[in-house]
Amino acid sequence: SQDRTVRGFSSDMVDIQSGDSEEEVQGIQHDENVTDVVGNDEVGFSTDGKTTFRWNLATGLCTGVIYDGGELEMMNDGKAMIVGGMVIDLETYSTTTNSVPSSSYSGCIRATPDGQYTFKVGIGLDDDKYVYVTDMKRNSTKKSKMKHESLIRSVAVTNEGQNVVTVGDDHKIHVWSWPEQTLLRTLQGNGISMATSPDGKFVLTGAKRGFVNIESIDGTMESFCRLEHFKADSDNFARFVTAAGFTADSKFGLSGGRDRIVKAWDVITGLNVAVVTFEGGVERVSSAMEGTIIAGMQGGHVALMRMKLPGEILEPPEPTPVVWMQDVEEIKTRRSGGRQSHSNSHSGSNSVCCVVL
């Protein structure tokens, strides 16, 4: 590999299968680096901060474009999604605006399972040492009691909505109760990316020096610190671990970095069980609710993957009924000609801003 390593893998290791083909994604990519990815049971979404693509998880085909971008977050069991300053109903694709604060640099936004509250952190907020909470029903935002001594890099919410987890440049990971906003415990570690497992038991952080930490949120299970995503020598020091996630079953943690690699980690043993390499640095990684892993990369590329255990027969998900595009050039034509006409399409309630191909 171009990272100057030769790797050997035993036959009983976990496979990561690609869910797309060269023919399906030919000519379809973002204009800039992918900044966020999410998915539900049927479709995945990726954004470069300006344009958001919708992907069919069964085929890997791009099936729609939203002429807007920003941090992405799934809500209400995958029935709605936050895209920057608006909420999109994924059944009707109607939109409503919200008061989630914007940041000058791509930040992080997470929501409670019921979608009533969102938590935002990021560079450029009024005070980037605090978490900002938005009540989506009242459309009001307040600075919370949850804070760090320096910049908060990422925020996450456990699936039951009882805990909020934050990581900051003060080398601390705070676990907060919600809605009380009481500090329950502090874990040692720094990170520029973070995710909590769907079962609410683990938090994974990716750090600047190429290390990954998998820690028990309640402190009752073994934690693994300074797992090597890659060796931080003088040549690859800048290849940060920029992506963190978990598989949908919570059995494996996921890390991705500027070294163009996604790794899967067993949360019980701390062992690296799978590796996949791409042509560009990995900016974000997330698992859709049905199990597909979505990776967003530098250069605007998106990859869909699925985990396969040794001996497992992996059936692809059923394709969702959509109107397929006739040609890959059609999406490019709509993108180049559609941004101006759609620029104000979400300024009011119930306006449609998604083009379905």
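These numbers were taken from a predicted model, which means no experiment stands behind them. (Residues numbered from 1 in each chain as written. Predicted model: local features only at pLDDT ≥ 70, side-chain atom pairs only at ≥ 80, totals over all residues. Heavy atoms only, no water.)

Notes on the overall build of the protein chain
- Scanning the protein chain from terminus to terminus reveals two helices and 30 strands.
- Counting only residues that meet the buried cut, the protein chain has 55% of its 357 residues in that class.
- For the protein chain, the exposed area adds up to about 16,100 Å²; of that, 47% sits on carbon and sulfur atoms. (Helix = DSSP H or I, 4+ residues; strand = E, 2+ residues; numbered from the N terminus. Buried < 20%, exposed > 50% of the residue type's maximum accessible area, 1.4 Å probe, protein only. Areas by Shrake-Rupley, 256 points an atom, 1.4 Å probe, with all protein chains shown as cover.)

Some words on the packing of aromatic side chains
- Inspection of the entire model under this criterion finds three aromatic pairs.
- A ring pair is formed by Y117 and W178, whose centres lie 5.3 Å apart and whose planes are at 70°; its orientation type is edge-to-face. Of this pair, Y117 sits in strand β11 (residues 117-121) while W178 sits in the loop between β16 (172-177) and β17 (183-188), and the two are 61 residues apart along the sequence.
- By relative accessible area, which is 24% here, Y117 ends up partly exposed.
- Assessed through its relative accessible area of 12%, W178 is described here as buried.
- Members of the aromatic cluster, each reached through a chain of ring pairs, are Y117, F119 and W178.
- Between K143 and the ring centre of Y130, over which it is positioned, the NZ or CZ distance is 4.5 Å.
- Geometry around F211 places R226 over its ring, the cationic atom sitting 4.0 Å from the centre. (Phe/Tyr/Trp six-rings, centres within 6.5 Å; stacked < 30°, edge-to-face > 60°. Lys NZ or Arg CZ within 6 Å of the ring centre and 35° of its normal.)

Overview of the pairing of strand β6 (residues 72-75)
- Burial along β6 is two-sided: the residues L72 and M74 and E73 and M75 are all buried.
- Where β6 meets strand β7 (residues 80-83), four bridges bridge the pair, whose relative direction is antiparallel. Following the sheet pairing, M75 is matched in β7 by A80. (Pairing = 2+ DSSP bridges.)

Digging into the pairing of β17
- Bridge analysis of β16 against β17 gives five bridges, and the strand direction is antiparallel. Paired with I173 across the two strands is L187, which belongs to β17.
- As consecutive antiparallel partners, β16 and β17 are separated by five residues, and within that stretch Q181 has a phi angle of approximately 65°, a positive value.

Remarks on the sheet that holds strand β15 (residues 163-168)
- Taken in spatial order, the four strands make up an open sheet running β14-β15-β16-β17, and their pairing is antiparallel. Of all strands in the sheet, those bounded by a partner on one side alone are β14 (152-157) and β17. The mean angle between the axes of side-by-side strands here comes to 20°, regardless of whether they run parallel or antiparallel. (Axes fitted to C-alpha atoms, helices over the stretch in contact; angles between N-to-C directions.)

Here we look at unusual backbone geometry
- In this chain, W178 is followed by P179 through a cis amide linkage whose omega measures 15°.
- Relative to the helices and strands, P179 is located in the loop between β16 and β17.
- The backbone of H171 shows a phi angle near 65°, a positive value even though the residue is not glycine.
- Note on placement: H171 falls in the loop between β15 and β16.
- By relative accessible area, which is 46% here, H171 ends up partly exposed.
- Positive phi, normally seen in glycine, also occurs at R226, with a value near 60°.

What to know about the environment of S250
- One can find S250 in the loop between β22 (243-246) and β23 (252-256).
- It is 8.6 Å that separates the C-alpha atoms of S250 and G200, two residues lying 50 residues apart in sequence.
- Leaving out residues up to four positions away in the same chain, S250 has contacts with S197, P198, D199 and V267.
- Of the polar contacts made by the side chain of S250, one reaches the backbone nitrogen of D199; its length is 3.0 Å. (Contact = heavy atoms within 4.5 Å. Polar contact = N/O pair within 3.5 Å; in protein donor to acceptor, adjacent residues only side chain to side chain.)

Structural notes on the environment of D218
- Within the secondary structure layout, D218 lies in the loop between β20 (211-216) and β21 (224-228).
- Using a relative accessible area of 44% as the deciding quantity, one classes D218 as partly exposed.
- As for D218 and G200, which are separated by 18 residues in sequence, their C-alpha atoms are 9.1 Å apart.
- Looking at D218, its side chain comes within polar contact range of the side chain of S216, at 3.0 Å.

Topic: the pattern of salt bridges
- All told, the structure shown has eight salt bridges when counted by the stated rule.
- A salt bridge links D135 to R138; the shortest N-O distance between them is 4.0 Å.
- The class for D135 is buried, based on a relative accessible area of 9%.
- Its salt-bridge partner being D169, residue R153 comes within 3.0 Å of it at the nearest N-O pair. In this pair, R153 sits in strand β14 while D169 sits in the loop between β15 and β16, placing the two residues 16 residues apart along the sequence.
- Overall, D169 belongs to the partly exposed group, its relative accessible area being 28%. (Salt bridge = Lys/Arg side-chain N within 4 Å of Asp/Glu carboxyl O.)

Focus on the confidence of the model for the protein chain
- Averaged over every residue, the pLDDT of the protein chain is 80; residues scoring 70 or more account for 77%.
- Every residue in residues 11-27 scores below 50 in pLDDT, and together they form 41 contacts with partners more than four places removed in sequence or on other chains. (pLDDT = per-residue confidence, 0-100.)

As for the sheet that holds strand β24 (residues 261-266)
- Across the sheet, four strands lie side by side as β22-β23-β24-β25; this open sheet has antiparallel pairing. Each edge of the open sheet is held by one strand with a lone partner, namely β22 and β25 (272-277). Averaged over all pairs of adjacent strands, the angle between strand axes in this sheet comes to 15°, irrespective of strand direction.
- As defined by bridge partners, β24 adjoins β25 across five bridges and the pair is classed as antiparallel. Its bridge partner being in β25, V262 is matched across the sheet by V276.

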